[in-house]
Amino acid sequence: MSFEPEIERAAALLRNARHAVALTGAGVSTPSGIPDFRSPDYGLWERNDPMIVASIWSFRMNPQIFYSWIRPVAELLLTAQPNPAHIAMAEMEQSGCLKSIITQNVDGLHQRAGAQHVLEVHGHMRRATCIRCYREVPAMSLVARYLLNGETPRCECGGAFKPNVILMGEQLPVRVLNQAIDQMHRCDVLLVAGSSLEVVPVADLPLLAIEHGARLIIVNLEPTGFDPQAEVVIHGDVADVLPLIAGQCRATREAAAGQPPESISLKAASTEDPAI
Ligand SMILES: [Zn+2]
């Protein structure tokens, strides 16, 4: 199915935006082989009560239950690579078409694709914190060791290390969430990609943007509750659609400036707002 007019319209909105922001969910990482573990198809929740396997209360009582549950996902997170959707969004940021990316994903793939301004509202897997003494350490080697020996990673004090992902019952990272809200107040175009906008607080963010006058672009396989309020809706695969939008943004910016790509990116970097 061709989305040519919608892609052109989305690219036009992004390249004319003063401050465009992207909001991404699990759908951006599924082409990298990371399943949407909230999806009924995957069944990670259906087979397990999330309050038992993925809440901070049960983690404090028995971290092994959490580690056993996360094991298949952790293995995928260690080996996953950025896909064309991540790369397209990093390119859009570099060409000045996007100012920041707010994501629900904890896999760090936006940054690994080269994106600079990423707000991870559900935390990330790069570091882990001891739940007893709060010592923080890099997480990837701990997770890799766990995958080998199956033992809960522990701190010298005896407390279990918890990856810096937000579990049920835990507060979202306030500073990151406030920055995300600030982005909603500032943005004039919001690109939603790979999210059904069903999980709060991310589900509340588009409303804030719309209330502040932003125009909405939605790229998601399934319909979302915000489709009727969006200016452009594309029910397609983000890994197919976003590179096409990024290509059009870049081509038009280059043509408009009449300069080679190198000088465009230098120009974009020098005028970039340091505080996203
Ligand atoms: Zn400790």
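Shown above is the structure to which this text applies.
Described below are features of the structure shown in this document. (Residues numbered from 1 in each chain as written. Predicted model: local features only at pLDDT ≥ 70, side-chain atom pairs only at ≥ 80, totals over all residues. Heavy atoms only, no water.)

## Thoughts on the packing of helix H4 (residues 63-79) against helix H7 (residues 140-149)
- Orientation of H4 relative to H7, taken along the N-to-C sense of each, is 110°, at an axis distance of 10 Å. What the angle tells us is that H4 and H7 run roughly perpendicular. Contact with H4, carried on its side by Gln64, Tyr67, Ser68, Arg71, Ala74, Glu75 and Leu78, involves Met140, Val143, Ala144, Tyr146 and Leu147 of H7 and no other residues of that element.
- Looking at the contact of H4 with H7 residue by residue, the classes come out as 8 nonpolar, 2 polar and 2 charged. (Axes fitted to C-alpha atoms, helices over the stretch in contact; angles between N-to-C directions. Helix = DSSP H or I, 4+ residues; strand = E, 2+ residues; numbered from the N terminus. Parallel < 35°, antiparallel > 145°, perpendicular 65-115°, else oblique. Contact = heavy atoms within 4.5 Å. Nonpolar A, V, L, I, M, F, W, Y, C, P; charged D, E, K, R; others polar.)

## Concerning the coordination of the zinc ion
- Bound to the zinc ion are the protein donor atoms Cys130 (SG), Cys133 (SG), Cys155 (SG) and Cys157 (SG), situated 2.3 to 2.4 Å from the metal.
- Note that the zinc ion binds 4 donor atoms; their angles at the metal cover 100 to 119°, and the shape is tetrahedral.
- Assessed through its relative accessible area of 38%, Cys133 is described here as partly exposed. (Donors = N, O, S within 2.8 Å, 3.2 Å for Na, K, Ca; no water. Tetrahedral: all angles 85-135°; square planar, octahedral: opposite > 155°, others 65-115°. Buried < 20%, exposed > 50% of the residue type's maximum accessible area, 1.4 Å probe, protein only.)

## Here we look at the packing of aromatic side chains
- Counting across every chain of the model gives 5 aromatic pairs.
- With a centroid separation of 5.3 Å and an interplanar angle of 70°, the aromatic rings of Phe59 and Phe66 are classed as edge-to-face. Neither residue differs from the other here; Phe59 and Phe66 are each classed as buried.
- Residues Phe66 and Tyr67 carry aromatic rings whose centres are separated by 5.4 Å and whose planes lie at 80° to one another, so their mutual orientation is edge-to-face.
- Judged by relative accessible area, which is 3%, Phe66 ranks as buried.
- One aromatic cluster is present, formed by Phe59, Phe66, Tyr67, Trp69 and Tyr146 through successive ring pairs. (Phe/Tyr/Trp six-rings, centres within 6.5 Å; stacked < 30°, edge-to-face > 60°.)

## Digging into the pairing of strand S1 (residues 20-24)
- Burial analysis of S1 places 5 of its 5 residues in the buried class, the great majority of the element.
- Both faces of S1 are covered, namely the face carrying Ala20, Ala22 and Thr24 and the face carrying Val21 and Leu23.
- In the sheet, S1 pairs with strand S7 (residues 189-193) via 5 bridges, with the strands oriented parallel. Among the inter-strand pairings, Leu23 is bridged to a residue of S7, identified as Val192.
- Bridge count between S1 and strand S2 (residues 100-103): 4 bridges; the pairing is parallel. The residue of S2 that forms the bridge with Ala22 is Ile101. (Pairing = 2+ DSSP bridges.)

## Details of the pattern of salt bridges
- A complete count under the given rule lists 7 salt bridges for this structure.
- Here Glu136 ties to Arg127 by a salt bridge, and the two come within 2.7 Å at their closest N and O atoms.
- A salt bridge links Glu231 to Arg215; the shortest N-O distance between them is 3.0 Å. Linking Glu231 in the loop between strand S8 (215-219) and strand S9 (232-234) with Arg215 in strand S8, this pair joins segments that are 16 residues apart in sequence.
- Residue class for Arg215 comes out partly exposed when judged on its relative accessible area of 39%. (Salt bridge = Lys/Arg side-chain N within 4 Å of Asp/Glu carboxyl O.)

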